[in-house]
Amino acid sequence: MQLTALPCAPLPGQLTEGPVWHAGHGDVLWVDITAGLVHRAPLVARDDDSGLPDLGPGTTVSLDRPVGAVALRASGGLLVAAGTAFLYVDDAGVATEFAAPDVPDDGTPRRMNDAKCDPGGRLLAGTMSYDETPGAGSLYRLDPDGTVRTLLDSVTISNGLGWSPNGRLLYYADSPTRRVDVFDHDPVTGALTARRPFADTGPTGVPDGLAVDTEGRVWVAVWGAGQVRAHTPDGALHAVVTVPVSQVTSCAFVGPDLDLLVITTAADGLTPRQLTAEPLAGRIFICRPGATGLPVPPFADDPTRLPASTTTPHHSRGCAS
């Protein structure tokens, strides 16, 4: 099945990533990693006959470090993986550092990349080095009490987190392997075992972010290919969504019925000639894929048990669209 996606109104970002549907507010969140921005915007009517919505004017929170991903909190507000730490961000744009992994002190600068909550409300977040040094990254798990555990070492570019409908499988990508892997996942303990290959992206691109639908199909953003590819639970290709941008970064199911697919893209690293050929690079796209996504689990925090931390205000402003 071949599908195409339409661009949305918000202006392009540099490294737009990590879309998340906020059902309680009826809006979409996403980040611009290198700019340190967390955006949110509502779905609004589109002025054409496509039958698809657009993204309307929204708000932006600007952080003082690169922000790899944003997640919802059960207690309200947001949890962001930024720099090499985890921050709470409240509705006023105030950021509070909550926890941080024990990052190796080896002189290699690192940052957070993709992150998502598992069905039990624990946040899985991966790191990478700024220069993509092989094996310099890790995959961590942040528990609601602030404990951080290392799940994987020797990762290069940690990406592609998503769980099967029953929560017993985790799909994960270390992008340079050009492969999405699958783990057995214990929904009670969060333990990962039995890593094995799930789907290859081949020579035309590398796997980035992904989303899983209610039928267990895995929708993979393929950086370098201008595509989101959907695979059935046995790894077979089911559908391809095409966008006019080579660097596709992630996707998520959004909308009240979770039947829309939002796709993020990047302009980061493109040459002036490539940007001329891809004028929509960095924009967000949307399509109706004929599938329904899974509800987004929030981080299962308990505000009465938060550790002491330092609170710093950050600039909050309107989002151009």
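Coordinates for the structure precede this section.
About the criteria used
- Residues numbered from 1 in each chain as written.
- Predicted model: local features only at pLDDT ≥ 70, side-chain atom pairs only at ≥ 80, totals over all residues.
- Heavy atoms only, no water.
- Helix = DSSP H or I, 4+ residues; strand = E, 2+ residues; numbered from the N terminus.
- Buried < 20%, exposed > 50% of the residue type's maximum accessible area, 1.4 Å probe, protein only.
- Polar contact = N/O pair within 3.5 Å; in protein donor to acceptor, adjacent residues only side chain to side chain.
- Pairing = 2+ DSSP bridges.
- Axes fitted to C-alpha atoms, helices over the stretch in contact; angles between N-to-C directions.
- Phe/Tyr/Trp six-rings, centres within 6.5 Å; stacked < 30°, edge-to-face > 60°.
- Lys NZ or Arg CZ within 6 Å of the ring centre and 35° of its normal.
- Contact = heavy atoms within 4.5 Å.
- Salt bridge = Lys/Arg side-chain N within 4 Å of Asp/Glu carboxyl O.

**Student:** So, unusual backbone geometry: which residues are in play, and what are the values?
**Tutor:** Even without being glycine, Glu 132 reaches a positive phi, approximately 60°. Structurally, Glu 132 can be placed in the loop between strand E13 (123-129) and strand E14 (137-142). Not every positive phi belongs to a glycine, and Ala 194 is a case in point at roughly 55°. Mapped onto the secondary structure, Ala 194 falls in strand E19 (residues 192-200).

**Student:** Provide a residue-level description of the side chain of His 39, including the pertinent values.
**Tutor:** Within the element layout of this structure, His 39 appears in strand E5 (residues 37-45). Relative accessible area serves as the criterion here: at 11%, His 39 is assigned to the buried category. A polar contact is formed between the side chain of His 39 and the side chain of Thr 60, at a distance of 2.6 Å.

**Student:** I'd like a description of the pairing of E5, backed by residues and values.
**Tutor:** In this sheet, E5 lies alongside strand E4 (residues 27-32) in antiparallel orientation, the contact comprising six bridges. Within E5, the position partnered with Val 28 by the bridge is Ala 41. Linking E4 to E5, which pair antiparallel, is a turn of four residues; within it Gly 36 sits at a positive phi near 70°.

**Student:** Residue-level account of the sheet that holds strand E17 (residues 169-174), with values.
**Tutor:** One open sheet holds the four strands; their spatial order is E16-E17-E18-E19, and the pairing between them is antiparallel. Of all the strands in the sheet, the pair left with one neighbour each is strand E16 (158-163) and E19. Shown here is a sheet whose adjacent strand axes are inclined to one another by a mean of 25°, direction ignored. Examined bridge by bridge, strand E18 (residues 179-185) and E19 share six bridges and lie antiparallel to one another. When the bridges of E19 are listed, His 185 appears paired with Leu 192.

**Student:** Describe in detail the packing of aromatic side chains, supporting the description with residues and values.
**Tutor:** Under the counting rule described, the total for this entry stands at six aromatic pairs. Ring geometry for Tyr 172 against Phe 183: centres 6.3 Å apart, planes inclined by 65°, an arrangement best described as edge-to-face. Taken together, the residues span a long stretch of sequence, with Tyr 172 in strand E17 and Phe 183 in strand E18 at a distance of eleven residues. Phe 183 gets classed as buried once you look at its relative accessible area, which sits at 4%. Among the aromatic residues, those joined into a cluster by ring pairs are Tyr 88, Phe 98 and Phe 299. Above the plane of the ring of Tyr 88 lies Arg 73, whose end atom (NZ or CZ) is 3.6 Å from the centre.

**Student:** Quick one: what's the story with the environment of Gln 227, residue by residue and with numbers?
**Tutor:** Assignment of secondary structure puts Gln 227 in strand E22 (residues 227-231). Each C-alpha atom of the pair Gln 227 and Lys 116 lies 21 Å from the other, and the pair is 111 residues apart in sequence. Excluding residues within four positions of it along the chain, Gln 227 makes contact with Val 220, Ala 221, Val 222, Val 240, Val 241 and Val 248. At 2.7 Å, the side chain of Gln 227 forms a polar contact with the side chain of Arg 229.

**Student:** Can you break down the pattern of salt bridges residue by residue, with the values?
**Tutor:** In the structure shown here, the tally under the stated rule is 14 salt bridges. Arg 40 is the partner of Asp 27 in a salt bridge, and the nearest nitrogen-oxygen pair spans 3.1 Å. A residue pair is termed long-range when its members are at least 10 positions apart, and Asp 27 in strand E4 and Arg 40 in strand E5 qualify at 13 residues. A relative accessible area of 9% means that Asp 27 is categorised as buried. Look at Arg 40 and you get buried, because its relative accessible area is 16%. Across the pair Asp 181 and Arg 179 runs a salt bridge, and its minimum N-O distance is 2.5 Å.

**Student:** Describe the sheet that holds E13, with residues and values.
**Tutor:** Taking strand neighbours across the sheet as the criterion, the four strands line up as E12-E13-E14-E15 in an open arrangement whose pairing is antiparallel. Edge strands, defined here as strands with exactly one partner in the open sheet, are strand E12 (110-117) and strand E15 (148-155). Neighbour-to-neighbour, the strand axes of this sheet turn through a mean angle of 20°, independent of strand direction.

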